[in-house]
Amino acid sequence: MAGSSVSVDYSEAMATAPVASGDWLVIAPILITMLGGAVCLMLRKNTDIQAKMGIALLGLLVLASLGLLIRVLDHGVITMVMGSWLPPFGIALTADALGATLTLIGAIVAFCAGVYGASTVDNTGRRYGFYPFLLLLMTGVSGAFLTADIFNLYVWFEVLLISSYGLLVLGNDRIQLDGAVKYGVLNLVGTNLFLIATGLLYGIFGTLNMADIAIKVAELENPASGTLATVAALYFLAFAMKAAAFPVNFWLPASYHTPNIVVSAVFAGLLTKVGVYALIRVFVLILPESRIFMADVIGWVAIVTLLTGAIGALAQSEVRRLLGYLVIAGIGSMLAGVAVGSVLAVSGAIFYAVHSIIVMTALYMASGILNLMGGSYDLRKLGGLYQKNVAFAGVFLVLVFAVSGLPPFSGFWPKVILVDAAFQDGRAWLGAAILISGFLTTLAMGRVWIFAFWRGGPEGTPDGQTAPSVVADTSQLTGAAVWLPLGILTALIIYFGLQPEWMLELSTQGASGVVDPLGYVRSVFGGEG
Amino acid sequence: METGVAILIGLFFAVAVYLMLSKQLVRMLLGIAILGNAVNMLIFTNGRLTREVPPLIPEHLYVPEVATANPLPQALVLTAIVISFSFFAFLLVLAFRAYQELGTDEVNRMRVAEPENDQTPPQGY
């Protein structure tokens, strides 16, 4: 932690040196998606161009994020200040290993969703703006991952929220309106809590720059004081709402199964993880003392979230709603990492976030294919899909293993790290909850696989008999557009499972960057910190 | 002056929470509108209230001579107002469409996404 206060000469508050060309990569993900979204919006009536342009722009986003991550790994944390006002006056965008990794994974998922949407989103959906909203959603997500200013984080949250509203009501069904009302109201309340906490934090410290706040908190004589504890509690409630942690998670199973399946996939992958990312940023980087003060609360919230998510999944017969509960269970694992708060635990949480982004998106996409093949999302009506497509049955089984945290796939390693970190910290209950939740998830997802693939036909079909011909629209299954994204995501899951070293190193680097923010602070304040 | 404003903000929060606990969607939306205003006033007050001093700095100085109005909370509040207004407008339209489609504005009766007599999952083959 930086010891002394940063003194800024007011006459030199303006940046005069030009930005190094490579550092423009910090803002590239935001610029690409924002400008691309605007152009797509203007061309919204031209539905053919839209899909191609959307996919091309999302591909560009992947490349830019990859470049950013490589540059961050080469040069350490990089910062770009807006309007040439140096921090803490100007708004800074800072890319550290944590932010850059999540930006890249988010971009990959969005690209896969763009490709998947090319065949599953019809012309009406495109005309109502699927691609512009997807791009603008990525603006918000990338901005939230890269900003170094806490009020700016609020603004990016709103950007992604308003795009998600647009995506959620795409199609205008009754069920979507119902889901959107609950999603909208609850998220707006959560954002207002975030804003209250930010206002109070500004009142205490007079600054909004995260690095500046981190320094000022470290200099406080009594960092666990009542005022700061209030702010921390408000932040925790606000981000728990965003991340769908118990007990403020009921908007998620009410809304995530209503939109088009590709929209559900992006939401399940990205949106709750932005809440977790904000929790890590605020509680580990900015307010470490408050995290220690609240560690027991966060730990118990994590335990209950883990268990209610997995038990809720067991009670569902609708595949998409079942997956919604699994999203919640995954959030519990990441909260466990925040509760423990050591470098090991936070790296486990980051690795789990990466794994969860990929696997939840892949599962929703797979359930969309399930629906196209079997004609339903209901476990009672599905069956006999093993005979229809053996390869898909295999891929689904990989996803089942991955989401339950079984080796040799990507869910295994972060769970090992988190359980290890929980036991090292003396929180045996937390470790036990992660394991029990994994066991219940295995049951819930194993049942999906058995009912949808293993048995001969829908409920009531005599054993040994092949499925009666289900009326299903299989015309969309012939193109590569639905299989390619699922293939990419599954390949990543297998790769991270068999070769976890790369991701382990990356998440450890990201975790040590937030647990000990010296590099972050130095990057923001140009070496003085 | 801060004390008076703080009491007013507290009052706003109380009214907003009361309205948001209602079953009717319209009342909840009114509560959200009031909550947004309460939050904006809170940010404004957190920037310290000063009376009749413009946030201007004489040309030869880098820091103001006397205590001046803080321009930053005003910028923050302006951002927050724009955002909360747009969200409120969206939610109003959404609530109206939901009322048209679902025939009710009582949240307990909006059970399309989560049907009331939901079947348990199959127990065996």
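For every chain, the first residue of the written sequence is number 1, and numbering continues from 1 onward in sequence order. Chains carry letters from A onward and ligands carry numbers from 1 onward, assigned in written order. A pLDDT threshold of at least 70 governs which residues receive local features in this predicted model, and a stricter bar of 80 or more applies before side-chain atom pairs are shown or counted, although totals over entire chains, interfaces and linings include all residues. Excluded from the side-chain calculation are hydrogens and water; included are all heavy atoms of the structure.

Looking at the packing of helix 3 (residues 97-120) of chain A against helix 5 (residues 130-146) of chain A
All names here are of chain A.
Turning to step 1, where the next piece is worked out: Their axes nearest at 9 Å, the elements helix 3 and helix 5 cross at an angle of 170°. Taken together, the axes of helix 3 and helix 5 lie roughly antiparallel to each other. Between helix 3, through Gly99, Leu102, Thr103, Gly106, Ala107, Ala110, Ala113, Gly114, Gly117 and Ala118, and helix 5, the contact on the second element is made entirely by Phe130, Tyr131, Leu134, Met138, Ser142, Phe145 and Leu146.
Turning to step 2, where the next piece is worked out: Here the contact of helix 3 with helix 5 is built from residues that sort into 11 nonpolar, 6 polar and no charged. For helices, the fitted axis covers only the stretch in contact; all axes are lines through C-alpha atoms, and the angles between them, taken along N-to-C directions, range from 0 to 180 degrees. Helix and strand assignments follow DSSP, with helices taken as H or I runs no shorter than four residues and strands as E runs no shorter than two, numbered in order from the N terminus. The cut-offs work like this: below 35 degrees is roughly parallel, past 145 is roughly antiparallel, 65 to 115 is roughly perpendicular, and the gaps in between are oblique. Note on contacts: a residue pair is in contact if any heavy atoms of the two residues lie within 4.5 Å. Gly falls in the polar group here, along with every residue not listed as nonpolar (Ala, Val, Leu, Ile, Met, Phe, Trp, Tyr, Cys, Pro) or charged (Asp, Glu, Lys, Arg).

Regarding the UniProt feature "transmembrane region" (unreviewed entry) in chain B
Turning to step 1, where the next piece is worked out: Residues given the UniProt feature "transmembrane region" (unreviewed entry) here are residues 6-21, 28-45 and 75-96 of chain B.
Turning to step 2, where the next piece is worked out: Taken end to end, residues 6-21 of chain B is 94% helix and 0% strand, and its two terminal C-alpha atoms sit 23 Å from one another. UniProt positions are given in the numbering used here, feature names are shortened, and annotations may be inferred rather than shown by experiment.

Focus on the confidence of the model for chain B
Residue and element names in this part refer to chain B.
Turning to step 1, where the next piece is worked out: Across the chain, each position has a pLDDT score giving the predictor's confidence in that residue, from 0 to 100. On average, chain B scores 86 in pLDDT, and the residues at 70 or more come to 99%.
Turning to step 2, where the next piece is worked out: By mean pLDDT, the top-scoring element of chain B is helix 1 (residues 2-20) (94), and the lowest-scoring one is helix 3 (residues 71-102) (90).
Turning to step 3, where the next piece is worked out: Scored as a complex, the prediction yields pTM 0.92 and ipTM 0.91.

As for the side chain of Thr103(A)
Turning to step 1, where the next piece is worked out: Assignment of secondary structure puts Thr103(A) in helix 3.
Turning to step 2, where the next piece is worked out: Setting aside residues no more than four positions away along its own chain, Thr103(A) makes contact with Pro29(A), Ser65(A), Ser142(A), Phe145(A) and Leu146(A).

With respect to the pattern of salt bridges
Turning to step 1, where the next piece is worked out: Salt-bridge detection follows one rule: a side-chain nitrogen of Lys or Arg within 4 Å of a carboxyl oxygen of Asp or Glu. Considering all chains together, one arrives at 7 salt bridges over all chains under this definition.
Turning to step 2, where the next piece is worked out: For Arg281(A), the salt bridge goes to Asp96(A), with nearest N and O atoms at 2.9 Å. Of this pair, Arg281(A) sits in helix 11 (residues 261-286) while Asp96(A) is found in the loop between strand 2 (92-95) and helix 3, placing the two residues 185 residues apart along the sequence.
Turning to step 3, where the next piece is worked out: According to the relative accessible area criterion, Arg281(A) is buried, its value standing at 0%.
Turning to step 4, where the next piece is worked out: Given a relative accessible area of 4%, Asp96(A) falls into the buried group.
Turning to step 5, where the next piece is worked out: Its salt-bridge partner being Arg97(B), residue Glu101(B) comes within 3.5 Å of it at the nearest N-O pair. Partly exposed residues are those whose accessible area sits between 20% and 50% of the maximum for their type, while under 20% is buried and over 50% is exposed, using a 1.4 Å probe and protein chains only.

Examining the packing of helix 6 (residues 150-168) of chain A against helix 3 of chain B
Turning to step 1, where the next piece is worked out: Between helix 6 of chain A and helix 3 of chain B, whose axes approach to 11 Å, the crossing angle comes to 15°. Considered as vectors, helix 6 of chain A and helix 3 of chain B are oriented roughly parallel to each other. Helix 3 of chain B is crossed by helix 6 of chain A, and the crossing has left-handed handedness. Across the interface between the two elements, Phe151(A), Tyr154(A), Val155(A), Glu158(A), Leu161(A), Ile162(A) and Tyr165(A) from helix 6 of chain A touch Leu76(B), Thr79(B), Ala80(B), Ile83(B), Phe87(B) and Phe90(B) from helix 3 of chain B.
Turning to step 2, where the next piece is worked out: In the contact of helix 6 of chain A with helix 3 of chain B, the residues fall into 11 nonpolar, 1 polar and 1 charged. Left-handed describes a crossing whose near helix is turned anticlockwise from the far helix through less than a right angle; right-handed describes the clockwise counterpart.

Details of the pairing of strand 2 of chain A
All names here are of chain A.
Turning to step 1, where the next piece is worked out: Of the two faces of strand 2, the one lined by Ala92 and Thr94 and the one lined by Leu93 and Ala95 are each fully buried.
Turning to step 2, where the next piece is worked out: Pairing between strands is defined by DSSP: at least two bridges between them are needed. Pairing analysis gives 4 bridges linking strand 1 (residues 78-81) to strand 2, with the strands arranged antiparallel. Within strand 2, the position partnered with Ile78 by the bridge is Ala95.

Observations regarding the interface of chain A and chain B
Turning to step 1, where the next piece is worked out: Contact with chain A, which involves 49 residues of that partner, is made by 43 residues of chain B.
Turning to step 2, where the next piece is worked out: For the pair chain A and chain B, the summed buried surface comes to about 4200 Å²; carbon and sulfur atoms form 71% of the total.
Turning to step 3, where the next piece is worked out: Linking chain A with chain B are 0 salt bridges, by the criterion used here.
Turning to step 4, where the next piece is worked out: Breaking the side of chain A that touches chain B down by element, the ones donating at least two residues are helix 6, helix 7 (174-205), helix 10 (251-255) and helix 18 (428-454) of chain A.
Turning to step 5, where the next piece is worked out: Looking at the side of chain A that touches chain B, the element that brings in the most residues is helix 7 of chain A, giving 19 residues.
Turning to step 6, where the next piece is worked out: Taken together, the residues of the side of chain A that touches chain B sort by class into 28 nonpolar, 11 polar and 10 charged. Reported buried area values correspond to the accessible surface (1.4 Å probe) lost by two parts on association, with both partners' losses combined.

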